[in-house]
Protein chains: 2
Amino acid sequence: MKPVKITDTTLRDAHQSLWATRMRTEDMLPILTELDEAGFFSLEVWGGATFDVCLRFLGEDPWERLRQIKSIVKKTPLQMLLRAQSLVGYSHYPDDVVREFVSLSVKNGIDIIRIFDSLNDVRNMVVPMDAAKKAGAHVQASVVYTISPVHTTKHYLETATSLAELGADSICIKDMAGLLTPYKAYELVSLLKKELGIMVHLHSHYIGGMAVGTYLKAAEAGVDVIDTASVPLAFGASQPPVETVVRALQDTEHDTGLNLRQLFRIAKYFEALRKSRGFERGITRISDMRVFEHQVPGGMISNLVSQLEEQGALERIHDVLEEIPKVRAELGYPPLVTPTSQIVGTQAVLNVLTGVRYKLVPGEVKAYVRGQYGRPPAPIDHEIQKKIIGDEEPLTVRPADILEPGLAKAQRESAELARSPEDVISYAIFPQVAKKFFEERQAGVISREGPKETKETKETQPAWLSKED
Amino acid sequence: MKPVKITDTTLRDAHQSLWATRMRTEDMLPILTELDEAGFFSLEVWGGATFDVCLRFLGEDPWERLRQIKSIVKKTPLQMLLRAQSLVGYSHYPDDVVREFVSLSVKNGIDIIRIFDSLNDVRNMVVPMDAAKKAGAHVQASVVYTISPVHTTKHYLETATSLAELGADSICIKDMAGLLTPYKAYELVSLLKKELGIMVHLHSHYIGGMAVGTYLKAAEAGVDVIDTASVPLAFGASQPPVETVVRALQDTEHDTGLNLRQLFRIAKYFEALRKSRGFERGITRISDMRVFEHQVPGGMISNLVSQLEEQGALERIHDVLEEIPKVRAELGYPPLVTPTSQIVGTQAVLNVLTGVRYKLVPGEVKAYVRGQYGRPPAPIDHEIQKKIIGDEEPLTVRPADILEPGLAKAQRESAELARSPEDVISYAIFPQVAKKFFEERQAGVISREGPKETKETKETQPAWLSKED
Ligand SMILES: [Co+2]
Ligand SMILES: [Co+2]
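All residue numbers refer to positions counted from 1 along the written sequence of the respective chain. Written order determines the labels here, with chains lettered from A and ligands numbered from 1. Since the coordinates come from a predicted model, pLDDT governs what is reported: local features require at least 70, and pairs of side-chain atoms require 80 or more to be given and counted, while whole-chain, interface and lining totals use all residues. As a rule here, side-chain values come from all non-hydrogen atoms in the structure, and water together with hydrogens is ignored.

Caption draft 1: Examining the coordination of the cobalt ion (ligand 2) more closely. All names here are of chain B. For Na, K and Ca the donor cutoff is 3.2 Å, while for all other metals N, O and S atoms count as donors only within 2.8 Å; water does not appear among the atoms, so some sites may look incomplete. Distances from the cobalt ion (ligand 2) to its protein donors, D13 (OD), H203 (NE2), H205 (NE2) and D469 (O), fall within 1.9 to 2.2 Å. All geometry calls rest on donor angles, where a four-donor set with angles between 85 and 135 degrees is tetrahedral, four- and six-donor sets with opposite donors more than 155 degrees apart and all others between 65 and 115 are square planar and octahedral, and all else is irregular. What the four donor atoms of the cobalt ion (ligand 2) show is an angle range of 87 to 133° at the metal, which sorts the shape as tetrahedral. Sequence positions of the donors to the cobalt ion (ligand 2) reduce to the motif D-x189-H-x1-H-x263-D. Note that D13 is positioned in helix α1 (residues 10-18) and H203 in strand β7 (residues 199-204), a separation of 190 residues in sequence. Here D13 and H203 have matching classes, each one buried. Under the scheme used here, helices are H or I runs from DSSP no shorter than 4 residues and strands are E runs no shorter than 2 residues, and both carry numbers assigned from the N terminus. For every residue, the accessible area (1.4 Å probe, protein chains only) is compared with the maximum for its type, and the residue is labelled buried under 20%, exposed over 50%, or partly exposed between those bounds.

If you want it as structure tokens, here you go:
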């Protein structure tokens, strides 16, 4: 018997993937006791895009959400997602900000911190991992899964080995784009279990529909924990449904031990919530599924379509889809997730529309080539690098090594409005958004978007807000 | 290397499961050449509910549809679904009608005939199998999968062995309710392959989402062929999407060899058709998924809800769901598919609403207990049988043994309107519906329902028309 444990992602990744991260604290509270009693390994309830959306759109203090959840969930560990040196934001923060954020996360209730870097650049994970360790959290370090000539089994094993040596309590294979096939999962999980001998956690998104099969083969390979969501927030861009996985493994040596009747009670709550909030189910479109063919995630294709439409050049989409693999190869095969999906996508669009490759190069592509996100998985093509930054030397150090400390500055600037160390760190991460929230709180009139605005923002919000993670 | 072959069900089971069987011949013709070139083992295009719906709602001659498809599909075998002695209808037909129908099906273009009996009563399959054999078709005999104390591995092996001895060219495991778990599929397929040494075909419905995993484990166990649909008509009550299965098995020893780019061209066609006809995608509701808990299929639950609503007694649904397993056990554990799902469901509703079990017993329950559908999987509870039919002796022979021949009568009655042997057999199966169609054809004004009517009929049509098969 090797039962598989389950992390429920309904309160973080699932609504980030399907409901534009718009579940409110008040939506969560009534179901927390049931979730706590269900027997999950952990509940992923915080981090990712939830922090930003709380402050920016929901008029909520994310720290207060965490404390409220912790006050009800007594048995089950609470888990969060941390974008390594980018924390819950979109660019790298100085080490003092990283350490303070991680320490306060644990102090306010987080038990397990999942940390990933979109380039699998381990250097970006050292400080957050160390901070999490010192704060007494379970440190879960991730390897981001993608497909490319340099993303070999060896690459994943080496990355995971480095992370284990840095003190990871568990390794997460992070399949953000639903690319991991069942038999590749079997191979990777078997290898990591055998070579590292620590807990292996698998995080897949449903997208084209392989994830249930991928979880089964991972279970056979000895995976310790898998991520699922309650059925009304499962499928499509989200995780696979917990009920399906529980049933598929029932009465096998990997039986999860979870109770279907209890899971359906939970599902009924979320289905009522889904209907009352007017959110759609997770579905699989052809465009989502084409990721199987060319590895370009559905979310990235929608962004490209919007960009091309704005230029009145939608008919060039096929040229852009052919250009993307070239640009990706030239830029050292970054995984196609935010921010690198935008970096590669925007450059591909410009290459096609101008008719001259790399004639126009936007700022974020230059920053990427300068090494400001970290080290690309493979060296950048030398000719292309020259075209983009000339003879300039890219960073050889960790991007955060060249950042000034940020905490004292944040304390100074937020002194009049901040009421706690948590406020200061909210300000350090999102100065303008936090300031507006503090001012409204001060004035006693906190604005939050209505349902109509949610719909509008969902459709027009910047691509980085729909970050898949 | 043991490649898995694929049967495409888009033109039969998929639209029967999701679009109330309303795909028209003109919707199919433009994509047939692509489907023929894709490399499928077979295309399931005929039988099941399509025959009835052609005549009844679409103003189409089903024989003409078959001939048109055959005139374009030159390479890929055409497959149909036959409800054993019930053919493409809802009650047993005399042997002469069965033999003539099967012979004409092959003559008009069918290559593979899948035959099933909802009670796994092999006696009901003997004549259709013999007729198919004589007509030169590939005879695929099915075992219907369900869960009960008598539906043991031994039951399936014995049934399949009898079917093989009757000359089946292949055995189909028919999982109409999406109940077959991956590991049970592994066990069953391995056993049938080992013991029978003939082709094994697996037919699953997606419903709660296990089917992709079930297909993978079946592939590992040596299954020869699996059933899938193009993604716009996949998921939900239909089959799993072909694209997912193809990708999941790519570069493994079970690689299907199908080309994703070609499959996406086909999917684009069906997606445009879906949108233009206003049909919904396949989705998984909680009610569909609860089949994992109590084995009551989602379609059956909707029927029960309607019945209870009509009686103003919707609040009794939970009592009915608790009554169903009792009634099913007492009636000898029939699989819960049409017609037995209605038989068990209606009796359970009456038992709950009258407050006295089996006080009221409708005609179809009496017919079932009299053996007019065949032999139940287990003996009917003696006390209950007595309550229902008193001291009357149930049939011990095959139901069709007591039917008068039907062909001469059909010829006589349809003489003025029928233009071909095919017309006569349409009349023998659906006298009133065929007569109306012939008369309209004679008058040159064939009526077919419009989109609005489709929606209305979908919502109000009798339960037998949504027969899951
Ligand atoms: Co995720
Ligand atoms: Co079917």
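Caption draft 2: Representation of the packing of aromatic side chains in the model. Residue and element names in this part refer to chain A. Within 6.5 Å between ring centres, the rings of Phe, Tyr and Trp (the latter by its six-membered ring) count as paired, and their orientation is classed by plane angle as stacked under 30 degrees, edge-to-face over 60, tilted in between. The final tally for this structure, using the stated rule, is 30 aromatic pairs over all chains. Joined through ring pairs, the aromatic side chains of W46, F51, W63, Y90, F101 and F430 make up one cluster. Seen from the ring of F116, K174 lies directly overhead, with NZ or CZ sitting 4.8 Å from the centre. We count a charge as sitting over a ring when the NZ of a lysine or the CZ of an arginine lies within 6 Å of the ring centre and within 35 degrees of the ring normal.

Caption draft 3: Quick peek at the coordination of the cobalt ion (ligand 1). All names here are of chain A. For the cobalt ion (ligand 1), the full set of protein donor atoms is D13 (OD), H203 (NE2), H205 (NE2) and D469 (O), at a range of 2.0 to 2.1 Å. The coordination sphere of the cobalt ion (ligand 1) comprises four donor atoms, whose angles at the metal cover 88 to 136°; the geometry is irregular. Positions of the donor residues of the cobalt ion (ligand 1), expressed as sequence spacing, correspond to D-x189-H-x1-H-x263-D. Of the two residues, H205 is situated in the loop between β7 (199-204) and α10 (211-220) and D469 in the segment after α23 (451-460); the sequence distance between them amounts to 264 residues. D469 matches H205 in its accessibility class, with the two residues each being buried.

Caption draft 4: Geometry of the interface of chain A and chain B. Residue-level contacts link 39 residues of chain A with 39 residues of chain B. Computed with a 1.4 Å rolling probe, the buried area is the accessible surface lost when two parts are put together, summed over both parts. For the pair chain A and chain B, the summed buried area comes to about 3,500 Å², and 67% of that belongs to carbon and sulfur atoms. We count a salt bridge whenever a side-chain nitrogen from Lys or Arg sits within 4 Å of a carboxyl oxygen from Asp or Glu. Remark: the boundary between chain A and chain B carries four salt bridges. The residue E220(A) makes a salt bridge to K217(B) at a minimum N-O spacing of 2.6 Å. Polar contacts here mean pairs of N or O atoms no more than 3.5 Å apart (in protein, one a potential hydrogen donor and the other a potential acceptor; neighbouring residues in sequence count only if both atoms are side-chain atoms). Joining chain A to chain B, the criterion identifies nine residue pairs in polar contact (both at pLDDT 80 or more). Counting residues per element, the ones that place at least two in the side of chain A that touches chain B are α9 (182-196), α10, α11 (242-249), α12 (260-277), α13 (286-289) and α14 (291-294) of chain A. Considering every element that reaches the side of chain A that touches chain B, the biggest residue donor is α12(A), with six residues. Put simply, Ala, Val, Leu, Ile, Met, Phe, Trp, Tyr, Cys and Pro go in the nonpolar bin, Asp, Glu, Lys and Arg in the charged bin, and everything else, Gly too, in the polar bin. Residue composition of the side of chain A that touches chain B, by class: 21 nonpolar, seven polar and eleven charged. By definition in these notes, contact holds between two residues if any of their heavy atoms fall within 4.5 Å.

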